[in-house]
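# Geometric and topological summary
Given next are the chains, with one letter for each unit.
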Amino acid sequence: MSPYRPGKNKKELTKIAFFFRRYFIYLVVLIVLIVGIVATTRIYEKTTESQVSVQGTTSRLVAADSYDLAMYEPESFNVLSSSDEDVVYLNQIIYGSLFKLDETLNVVPDLVDSYSIDPDRKNIRITLRQDACFSNGSPVTSYDIEKTIKWIKDVGNDSPYYQYVSKIDKVEPSGEKEFILRFISSDHSALDNLVFPIVSSLSYKNGERFALGSGPYAYSTYDRGNEMTLVPNEYYYRDGTGLPIHIMLLNNKAIIPGMITMDAVTAYLSKEQNADSIAIDKSLKCIPLVSSELEYVGFNCDNDLLSQPAMRKAVAMGIDREKTINDDYAGHAVISDSLYYPGFLGLESEYSIKYEPKTSSELISGLGLKDIDEDGILERESGEDITFKFIVNKKNNSRKDAAHTIASDLISLGIGVEVVELNEKDFNAALESGDFDLYLAGISIDKQFNLLNLYREHNYGNYTGERVIELTQDLERAYSNEEQKTVFGELKSVLFDEVPYFGICYKTYFFISSNTLEFVEQPQYFNPYKKIETWSWQKRIAGEKTTSA
């Protein structure tokens, strides 16, 4: 054994310390790397084992024993007074009405078997279906119609259906299944005023939360704040019985897509702009539904240029609506060929204003407007620049951005445009006072699609085209389906010539559902649970583990 030599050992220790300090960081990294590899390997082994466990099980689709929906807890379930959106949706499947709207928003009979309209257009003689019954088995009678109308009138403006029944003078029963319905005037005798829900005159109590209905479903159980159930109406006159409906009452609808992925919810209607992205991310079925929310440009007809149909059409033809929809409405909207809902009454027409800047320039030139000083802006013969004041509510971001996009389109045609962004109060004041040339606004149209208000109380631009107003009025009268199509066809032609307003787009909602949901008739924006009794839904369930040989 060698003797201990302090000096030499100290020198060697110093070398070791220096080496350790120099390569310490490398040693730490190496140790962490080794530990990481070991940990990752163990995690991988656990994950692989878990995946084998999942992959080693069988899963199969089985027919669901209920339809599962979700909604907010409403303030009231009362069918005659509640304006809650979710309640109105449920009303479509719980209560029958005299008439209903089909997929093209045409009026078709529901509880009505036959009807005839008197020559004076003020009275309708109606015969009810013999097999129409409430969910307790009692028949729907003319007395139920009479009482329902009275009770809605008693509620007044607080009822979402008052606007319909307020046009009715009285009901005159002539038997259990027959009656004459008299309107206040022929101007109000529209079949689409008869789409309100009917309740039982024998059982309904004023303010009742869950009244008897004659639709495919009936209220069953209710646990406030938690859940409720609907059961099929065994007396419903159509063939086929749907599944019970279980409804969860939620505080936050944002969790619904996740619940659909777990088969806890079947489907729901979303108005969120990113609903389609969420559906794609979660591999859900997503169907865009055209809503009743119209975005449109209004014109001030007190302006000498905009009072001329040719100038209004030139403006309309100079707007690239597809670009506006994609850039400013995130693609969540569609173009219609008129002010009316796309495909309204199922009538296709050649009268459609398209983006045609060349034709727009020709119309402008025909009005004697020229770029005299070649500064890019058109002038009158006097040399005065053409500049339109274009107002918009700045609180609505999509609409505000759209106004600037539209202005850019018009400026490229030589039309000077000054976009003025206003708060809601000032925007409304400017409309009322006529302090604008153009404005961009939105309107949510009732499912009747009565646009008369645009020529009456909302006629901020003082449009006075008599033929447009006359035909719009005629469309609201109680014509047959064929007569309605004839009137609407002529109205579309006049709208094409006159352009009292220019529809930019109709916004879309999204019907989000499980990929295994199938339905015969596509949902509608105002009736997302349309024909729910015919839905076919399968749930995925896990089976037993498989074993290898």
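Above this text is the structure in question.
What this report covers is the structure whose coordinates are included nearby. (Residues numbered from 1 in each chain as written. Predicted model: local features only at pLDDT ≥ 70, side-chain atom pairs only at ≥ 80, totals over all residues. Heavy atoms only, no water.)

## Some remarks on the pattern of salt bridges
What the rule picks out here adds up to 22 salt bridges. Measuring nitrogen to oxygen at the nearest pair gives 4.0 Å for the salt bridge that ties E103 to K530. Placement of the pair is E103 in the loop between β3 (99-101) and β4 (107-109) and K530 in the loop between β19 (517-518) and β20 (536-545), with a sequence separation of 427 residues. Judged by its relative accessible area of 11%, K530 falls in the buried class. Residues joined by salt bridges that share partners form a network here, namely E103, E521 and K530. (Salt bridge = Lys/Arg side-chain N within 4 Å of Asp/Glu carboxyl O. Helix = DSSP H or I, 4+ residues; strand = E, 2+ residues; numbered from the N terminus. Buried < 20%, exposed > 50% of the residue type's maximum accessible area, 1.4 Å probe, protein only.)

## A word on the sheet that holds strand β7 (residues 168-173)
With respect to topology, 4 strands assemble into an open sheet ordered β5-β6-β8-β7, the strand pairing being antiparallel. Each of the sheet's edge strands pairs with one partner strand only, and the pair in question is β5 (112-117) and β7. For this sheet, the mean inter-axis angle between neighbouring strands, taken without regard to orientation, is 20 degrees. Bridging between β7 and strand β8 (residues 178-183) involves 5 bridges; their strand directions are antiparallel. Paired with I168 across the two strands is F183, which belongs to β8. Lying on the sheet, helix α3 (residues 142-155) is in contact with β6 (123-128), β7 and β8; it crosses β7 at an angle near 155 degrees. (Pairing = 2+ DSSP bridges. Axes fitted to C-alpha atoms, helices over the stretch in contact; angles between N-to-C directions. Contact = heavy atoms within 4.5 Å.)

## Quick look at the packing of helix α12 (residues 466-475) against helix α13 (residues 481-498)
One can describe the packing of α12 onto α13 by two numbers: an axis separation of 9 Å at closest approach and a directional angle of 155 degrees. Regarding the angle of α12 to α13, the classification is roughly antiparallel. Like other packed secondary-structure pairs, α12 and α13 cross with a definite hand, here left-handed. Residues R467, V468, L471, T472, D474 and L475 of α12 form the contact with α13, whose participating residues are Q484, V487, F488, E490, L491, V494, L495 and E498. Its residues assigned to classes, the contact of α12 with α13 comprises 8 nonpolar, 2 polar and 4 charged. (Parallel < 35°, antiparallel > 145°, perpendicular 65-115°, else oblique. Left-handed = near helix turned anticlockwise from the far one by under 90°. Nonpolar A, V, L, I, M, F, W, Y, C, P; charged D, E, K, R; others polar.)

## Side note on the sheet that holds strand β2 (residues 67-72)
The strand order across the open sheet formed by 4 strands is β2-β11-β10-β9, and the pairing between neighbours is mixed. Each edge of the open sheet carries a strand with a single partner, namely β2 and β9 (217-223). Put simply, the sheet's adjacent strands are angled 25 degrees from each other on average, direction ignored. Judged from the 6 bridges that link them, β9 and strand β10 (residues 227-232) form a sheet pairing that is antiparallel. Bridge pairing in β10 places T221 opposite T229. Contacting β2, β9, β10 and β11 (245-250), helix α2 (residues 85-94) crosses the sheet at an angle of about 135 degrees to β9.

## Some remarks on the nonpolar core
Counting residues in hydrophobic clusters, the biggest one holds 105 residues, and the most contacted among them are L90, L98, L194, F196, L230, Y340 and Y439. In this structure, L98 is in contact with P109, D110, L111, V112, I126, L128, I145, F179, L181, L194, F196 and I198, ignoring residues within four places of it in sequence. Counting 35 residues, the second-largest nonpolar core is a separate cluster that includes F299, A403, L413 and L440. (Core = buried A, V, L, I, M, F, W, Y, C linked by side-chain atoms within 4.5 Å.)

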